[in-house]
Amino acid sequence: KSMYAVTDAAVQFDAGARIALDSMKRLGMNVDLSVFDVGEDAATWTPVLKDPTVREAVLCLGPFHRAAIEQLTRLAPTAHVVCPAPQSNKVLLGNPNVSKVLSGRPDQLQQLVRYVAAHNAKDNIILCSTELPSDKELREQIFRVLQEALVDQKGKLRDTVLVVRSAKRDIADVVAKLSGTQNNVVIAASEDIEYVTGLVRKLAGLTKDKRIVLYGLNSWTGIETLEAKDLEALKTRIPASTWIDHDDPRVQRFIREYRALYQNEPGDYAFLGFDVAFFYLTALHRFGPDFHMHFAEVTTEPLHMSFKL
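Residues numbered from 1 in each chain as written. Predicted model: local features only at pLDDT ≥ 70, side-chain atom pairs only at ≥ 80, totals over all residues. Heavy atoms only, no water.

## What to know about helix H4 (residues 66–75)
Thought 1: Listing the buried residues of H4 in full gives Ala68, Ile69, Gln71, Leu72, Thr73 and Leu75.
Thought 2: As for H4, its buried residues are in contact with helix H2 (42–49), helix H3 (52–55), strand E1 (59–61), strand E2 (80–83) and strand E3 (98–100). (Buried < 20%, exposed > 50% of the residue type's maximum accessible area, 1.4 Å probe, protein only. Helix = DSSP H or I, 4+ residues; strand = E, 2+ residues; numbered from the N terminus. Contact = heavy atoms within 4.5 Å.)

## What to know about the pairing of strand E7 (residues 212–215)
Thought 1: Burial along E7 is two-sided: Ile212 and Leu214 and Val213 and Tyr215, pointing in opposite directions, are all buried.
Thought 2: Sheet topology places strand E6 (residues 184–188) next to E7; four bridges connect them, and they run parallel. Bridge pairing links valine 185 to valine 213 in E7.
Thought 3: In this region the chain leaves E6, passes through helix H8 (residues 193–204) and returns to the parallel neighbour E7; the handedness of that crossover is right-handed. (Pairing = 2+ DSSP bridges. Right-handed = clockwise from strand over helix to strand, strands pointing away.)

## Quick notes on the layout of surface pockets
Thought 1: Here the largest pocket is characterised by a volume of approximately 1,200 Å³.
Thought 2: Lining the largest pocket we find 39 residues, and of these Leu33, Ser34, Val35, Phe36 and Leu61 sit closest to its centre.
Thought 3: Put simply, the parts of the chain that give the lining of the largest pocket at least two residues each are helix H1 (5–26), H2, H3, E1 and helix H11 (268–287).
Thought 4: For the lining of the largest pocket, the element with the highest residue contribution is H1, accounting for nine residues.
Thought 5: Classifying every residue of the lining of the largest pocket by side-chain character gives 27 nonpolar, seven polar and five charged.
Thought 6: Approximately 670 Å³ is the volume attributed to the second largest pocket.
Thought 7: Around the second largest pocket sit 21 residues that line it, and Ser103, Asp107, Gln111, Ser241 and Ser306 are the ones nearest its centre. (1 Å grid on protein atoms, 1.4 Å probe; cavity = no way out; pocket = protein on both sides within 12 Å on 5 of 7 lines; lining within 4 Å. Points joined across faces, edges and corners; volume = space filled by probe spheres on them. Nonpolar A, V, L, I, M, F, W, Y, C, P; charged D, E, K, R; others polar.)

## A closer look at the pattern of salt bridges
Thought 1: In the structure shown here, the tally under the stated rule is eight salt bridges.
Thought 2: Note that arginine 18 and aspartate 14 form a salt bridge whose closest N and O atoms lie 2.8 Å from each other. A residue pair is termed a helical-turn pair when its members lie 3 or 4 positions apart in one helix, as arginine 18 and aspartate 14 do in helix H1 at four residues.
Thought 3: Owing to a relative accessible area of 35%, arginine 18 belongs among the partly exposed residues under this scheme.
Thought 4: Since its relative accessible area comes to 26%, aspartate 14 is described here as partly exposed.
Thought 5: The partner of aspartate 230 in a salt bridge is lysine 229, with the nearest N and O atoms 3.4 Å apart.
Thought 6: Taking relative accessible area as the criterion, lysine 229 reaches 58% and is therefore assigned exposed.
Thought 7: Through salt bridges with shared partners, a single network forms among Asp248, Arg250 and Glu301. (Salt bridge = Lys/Arg side-chain N within 4 Å of Asp/Glu carboxyl O.)

## Re the nonpolar core
Thought 1: Ranked by size, the top nonpolar core spans 42 residues in total, and within it Leu146, Val174, Val186, Ile187, Leu203 and Trp220 carry the most contacts.
Thought 2: Among the secondary structure elements, those contributing two or more residues to this core are helix H5 (105–120), strand E4 (124–130), helix H6 (133–150), E6, H8 and E7.
Thought 3: Ignoring sequence-local partners within four residues, the contact set of isoleucine 187 consists of Leu112, Val116, Ile125, Ile126, Leu127, Cys128, Ile142, Leu146 and Tyr215. (Core = buried A, V, L, I, M, F, W, Y, C linked by side-chain atoms within 4.5 Å.)

Here it is in C-alpha cells:
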C-alpha cells in the first residue's frame, strides 16, 4: 500500500533533514530540534503553531502550506521561516522573515532568457507559442525580458527576436523562419501538450538539414508524448530548480547513508530536506540568530540545488 503523497514528501524531507543535522553535529553544532505534525488544515495546525516551543523558535523548516506559513509568521515573529515546498512568490510578500528555496516559473523563465541572450545572441532566435491566453502571457513575458537582455549583447544577429503566433496544429510559420545557414534557437513558450508535441516532432525531423536548438519549459518534463530521441536531436534545454547527479560521489554517499538508516530509497524530497537543512543550519551555526542577514556569505555544497539568496 502506497503512502499518501503529502505524507510521503514530509517523511522524506524529515529524513533528509536529520542526515544534515547529524552532519552539523559532527561539525560541532548543538541543535535543540522539535518536530511537529501540522496537518493540512487550519483546525489542525492552529493549536500546534501556538505551542510555546514553536513561538520561541529561531528557525522553522516548514510548514509546507502557504496559509500555515502566514499564520506562523504572526505567532512566531522572531523565527525565520523557510518555505521548502513549491509556492508562488506571493508567500514572501509582507513577510521579511520568510525565505523560499524552490524557484517559481517567473524566476526560471528569467534565468532561461538571460542564458539565451548571453549564449545565443548571434543566432537566429525564434520565439513561438499558441494564442491560448496562458501561452500568450508566457510569450509576452519572455519577449519583454529577452529584448532587455539583448540590448547589451555585442554582435547580435538582430535587434529583436522573431515572434511566431500559431494555431495549436500550425507549425509551418516556425519552420518558415528557420535559417539554412545560421544556428536556429527556438524558444517555445507553450505548455499546450498538442502544440509542444507537434513542434518537437516536426523540428526534430529537420535537424539533418538545419542546426536547431530548442528551449522549453520545466512543465515539459511531465509531457509523456515527447520522445527522448527527438528532444536529444534538438539539444533541448529546459530550466530546472533541482538536479540530482547520480555520478557525484557525495550523492552516492547520501544514498548509501539514507538506505542504511531508513531501508528505503531517497526521493526528491529527501534531497531537498538535506540541502535545505544543511544550508540554513550552516548559516545559523556561523552567524547566530541574525543569520538571515548573512545569506550571501553562506556557502555550502548542496546535493541537488544551489542557493542564491
